[in-house]
Amino acid sequence: LRKEGLLWVDKKSKMYIVTLGALNGLKPGSSLAVYDGERRVGDVTVDMPLDVVSYVQPTKRSLEKMDKDSYRVVIE
């Protein structure tokens, strides 16, 4: 099972999508760590897992400062 994927940030709709899904073991409420390179920049929680992608929301630390279009995510 893949434990790493990408977080895509759609700034217009404020939607966050990860390239991991139910096939990777994600369920509503699953937590993922967000990295910019090797630096951990925050966490997201799964709202709606689909087969190969999931919709997520930022948790704890704000991801407002995210200016890139994508980040690395890791299932913890």
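Data block above holds the structure.
Here's what I pulled together on the structure shown here. No experiment lies behind these values; they were computed from the predicted model shown. (Residues numbered from 1 in each chain as written. Predicted model: local features only at pLDDT ≥ 70, side-chain atom pairs only at ≥ 80, totals over all residues. Heavy atoms only, no water.)

**Some remarks on the packing of aromatic side chains**
To describe a pair of aromatic rings, you give the distance between the ring centres and the angle between the ring planes.
Next up, step 1: Under the criterion given, the structure shown has 0 aromatic pairs.
Next up, step 2: Cation over ring: Arg 72 sits above Tyr 35, and NZ or CZ is 4.7 Å from the ring centre. (Phe/Tyr/Trp six-rings, centres within 6.5 Å; stacked < 30°, edge-to-face > 60°. Lys NZ or Arg CZ within 6 Å of the ring centre and 35° of its normal.)

**Examining the pattern of salt bridges**
Next up, step 1: Under the criterion given, the structure shown has 7 salt bridges.
Next up, step 2: As a salt-bridge pair, Arg 39 and Asp 36 come within 4.0 Å of each other at their nearest N and O atoms.
Next up, step 3: Relative accessible area serves as the criterion here: at 53%, Arg 39 is assigned to the exposed category.
Next up, step 4: For Asp 36, a relative accessible area of 23% translates into the label partly exposed.
Next up, step 5: One salt bridge connects Arg 40 with Asp 43, and the closest N-O pair in it is separated by 2.3 Å.
Next up, step 6: Salt bridges sharing partners connect three or more residues here, namely Glu 4, Glu 38 and Arg 72. (Salt bridge = Lys/Arg side-chain N within 4 Å of Asp/Glu carboxyl O. Buried < 20%, exposed > 50% of the residue type's maximum accessible area, 1.4 Å probe, protein only.)

Purely spatial values, then, with no claim about function.
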